[in-house]
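Chain and residue survey
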Amino acid sequence: IRRQRQMCIRDRIHSMAEFAPTIILPCLERAGVADITEIGAEFGGMSTHLAQYCASAGGTLTSVDPSPKQPFLDWVAEHDEVRHVAQPSLEALQHLDCSDAWFVDGDHNYYTVHEELSAIDAICQRDDKPLLAFLHDISWPCARRDCYYAPERIPEEYRHHYSYDVGVHPDEPEPIQHRGWRGMGQFAWALHEGGPKNGVLTAVEDFLKVADSDERPLVFAHVPAVFGLGVILDADADWAEDVAGLLLPWHNNDLLATLELNRLRNYLAVVDWQDREAERVR
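First, a word on what this report is: a plain description of the structure on this page. (Residues numbered from 1 in each chain as written. Predicted model: local features only at pLDDT ≥ 70, side-chain atom pairs only at ≥ 80, totals over all residues. Heavy atoms only, no water.)

**Quick notes on the sheet that holds strand E4 (residues 101–104)**
Note the threshold: Two strands qualify as a pair provided DSSP detects at least 2 bridges between them. Numbering of helices and strands runs from the N terminus, with a helix taken as a DSSP run of H or I at least four residues long and a strand as a DSSP run of E at least two residues long. The axes are straight lines fitted to the C-alpha atoms, using for helices just the contacting stretch, and the angles between their N-to-C directions are given from 0 to 180°. A contact between two residues is defined here by any heavy atoms of the two lying within 4.5 Å.
In spatial order, the strands read E3-E2-E1-E4-E5-E13-E12; together these seven strands make up an open sheet with mixed pairing. The open sheet is flanked by strand E3 (82–85) and strand E12 (218–223), the only strands paired with a single partner. The sheet shows a mean angle of 15° between the axes of neighbouring strands, taken without regard to direction. Alignment of strand E2 (residues 61–64) against E3, held across four bridges, turns out to be parallel. What sits directly across from Val64, in E3, is Val85. Lying over the sheet, helix H8 (residues 240–247) contacts E12 and strand E13 (229–234), oriented at roughly 160° with respect to E13.

**Concerning the sheet that holds strand E6 (residues 147–148)**
As a general point, the strands of a sheet are linked pairwise by backbone hydrogen bonds and lie either parallel or antiparallel. Reading across from one edge, E6-E11-E7 is the order of the three strands in this open sheet, with antiparallel pairing throughout. Looking at which strands have only one partner, the edges of the open sheet turn out to be E6 and strand E7 (162–163). With two bridges connecting them, E7 and strand E11 (residues 188–190) associate as antiparallel partners. Bridging across to E11, Tyr162 finds its partner in Ala190.

**Observations concerning the side chain of Thr202**
For the record, the criterion: Think of a polar contact as two N or O atoms within 3.5 Å of one another; within protein, one of them needs to be a possible hydrogen donor and the other a possible acceptor, and neighboring residues in sequence only count if both atoms come from side chains.
With respect to the helices and strands, the residue Thr202 is situated in helix H7 (residues 200–211). Separated by 2.8 Å, the side chain of Thr202 and the backbone oxygen of Asn198 make a polar contact. Beyond its immediate chain neighbours, meaning those up to four positions away, Thr202 contacts Tyr110, Ala143, Arg144, Gly195 and Lys197.

**Looking at the nonpolar core**
The line we're drawing: Take the buried Ala, Val, Leu, Ile, Met, Phe, Trp, Tyr and Cys residues and link them wherever side-chain atoms come within 4.5 Å; each set so joined is a nonpolar core. The rule is simple: take the accessible area with a 1.4 Å probe, protein chains only, and divide by the maximum for that residue type; under 20% is buried, over 50% is exposed, in between is partly exposed.
With 42 residues, the main nonpolar core has Trp181 and Ile232 as its most contacted residues. At the level of secondary structure, the elements contributing two or more residues to this core comprise E4, helix H6 (110–126), strand E5 (132–136), strand E8 (166–169), H7 and helix H9 (254–281). The biggest single contributor to this core is H7, with seven residues. Excluding its chain neighbours within four sequence positions, the residues that come into contact with Ile232 are Leu117, Leu131, Leu132, Ala133, Leu135, Val204, Phe207, Leu208, Leu218, Val219 and Phe220. In terms of nonpolar packing, the next biggest core, distinct from the first, is built from 41 residues, Cys27, Ile36, Val82 and Val226 among them.

**Focus on the pattern of salt bridges**
The following threshold applies: Here, a salt bridge means any side-chain nitrogen of Lys or Arg that lies within 4 Å of a carboxyl oxygen of Asp or Glu.
This model, assessed by the stated rule, comprises 12 salt bridges. Between Glu205 and Arg144 there is a salt bridge; the shortest N-O distance is 2.9 Å. Here Glu205, found in helix H7, pairs with Arg144, found in the loop between E5 and E6; they are 61 residues apart in sequence, far enough to count as distant. For Arg280, the salt bridge identified is with Glu277, shortest N-O distance 2.6 Å. Of this pair, Arg280 and Glu277 both sit in helix H9, separated by three residues, roughly a single helical turn. By relative accessible area, Glu277 is classed as partly exposed at 22%.

**So, the packing of helix H2 (residues 20–30) against helix H3 (residues 45–57)**
We apply this condition: In this scheme the handedness of a crossing depends on how the near helix is turned from the far one: anticlockwise by less than a right angle means left-handed, clockwise means right-handed. Side-chain classes are defined by residue name, with Ala, Val, Leu, Ile, Met, Phe, Trp, Tyr, Cys and Pro counting as nonpolar, Asp, Glu, Lys and Arg as charged, and the others, Gly among them, as polar.
H3 packs onto H2 with a crossing angle of 35° between their chain directions and a minimal axis gap of 11 Å. In this structure, H2 meets H3 at a crossing whose hand is right-handed. Residue-level inspection shows Ala20, Ile24, Leu25, Leu28 and Glu29 of H2 in contact with H3, the latter providing Met46, His49, Leu50 and Tyr53. Of the residues contributing to the contact of H2 with H3, the split by class is seven nonpolar, one polar and one charged.

**Observations regarding the packing of aromatic side chains**
How two aromatic rings sit relative to each other is set out by the distance from centre to centre and by the angle between their planes. Threshold: A pair of Phe, Tyr and Trp rings is counted when the ring centres sit within 6.5 Å of each other, with Trp represented by its six-membered ring. The angle between the planes then sorts it: under 30 degrees is stacked, over 60 is edge-to-face, the rest tilted. We call a charge positioned over a ring when the NZ of a Lys or the CZ of an Arg lies within 6 Å of the ring centre and within 35 degrees of the ring normal.
On inspection of all chains with the given rule, the structure shows 10 aromatic pairs. Grouping aromatic residues by their ring pairs yields a cluster made of Tyr110, Tyr111 and Tyr158. Stacked on the ring of Phe227, the Lys or Arg Arg263 has its end atom at 5.0 Å from the ring centre.

**Quick word on H8**
The test is simple: In this description, one arc is meant: the one made by directions from the helix axis to the C-beta atoms.
Buried residues of H8: Ala240, Val243, Leu246 and Leu247, and no others. Along H8, the residues classed as buried sweep out an arc of 130° about the axis, all on the same side. Packing partners of the buried residues in H8 comprise H2, E12 and E13.

**Describing the side chain of Ser163**
Residue position: Ser163 is located in strand E7. At 2.9 Å, the side chain of Ser163 and the backbone nitrogen of Asp165 are in polar contact. With sequence-adjacent residues up to four places away left out, Ser163 is seen in contact with Ala188, Trp189 and Leu191.

**What to know about the pairing of E2**
For the record, the criterion: Crossovers are marked right-handed if the path from the first strand over the helix to the second runs clockwise, as seen with the strands pointing away from the viewer.
By the alternation rule, side chains of E2 split into Leu61 and Ser63 and Thr62 and Val64, which are all buried. As judged from the four bridges shared by strand E1 (residues 36–39) and E2, these two strands associate in the parallel manner. Directly across from Glu38, in E2, lies its bridge partner Ser63. The parallel pair E1 and E2, bridged by H3, forms a crossover whose chirality is right-handed.

This is how it looks when you write it as structure tokens:
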């Protein structure tokens, strides 16, 4: 009962698709994007927006996910403009062609995201294309704490101690038992927050330290809402100024960050109430 109720309320507003009409699709249009590669599909909430865009632009969507949900697979079978690659991202990226834009929303941990960005950047440089990447979950709770869907895929030197049985809360620095944001057996949290090589935002920052240079400057925007949207783009691209201008009002917006924190606290308060009610009726 607890898992069903938590997942039900989570589905109300958690997807990268929330950014599509206002931010993502206008960025794609301004950058003249046609072909897109997406890492992480799950139910296909974002995929439907991207596929529709690609179809209108005369391009294709390549969606990389080793184990998406059945509704996504059923949907892919009906759309010729979508190609599904059923491999983990770091395997798939070894043989993918370059795209005009990349979406990174798979496993939310330092190692995976850092390696995905490095591989994507290498592909772009190989094919002499400007980098345009959109990332989800760069704010709390994954900004500074690893989340593992498949911890066995993470090399031991990058894998923090973790548990499937704990939850996290924005007001609690340490993981908590039977409360907070929990994976309900679907994913695990690193047992500590912060420090080196921990979290999605840390992965982005470490990637930028190496990839951003005078020879090839990069721009990074952080939209602090709905678990955080990140955008990395090549500052020398013909469309860079236009896209950066669209992103600027949203970047590190204090009002958005305050509203997001309030939303998370309210969400977790409702989850606590649902948990107590479920215990009461057992």
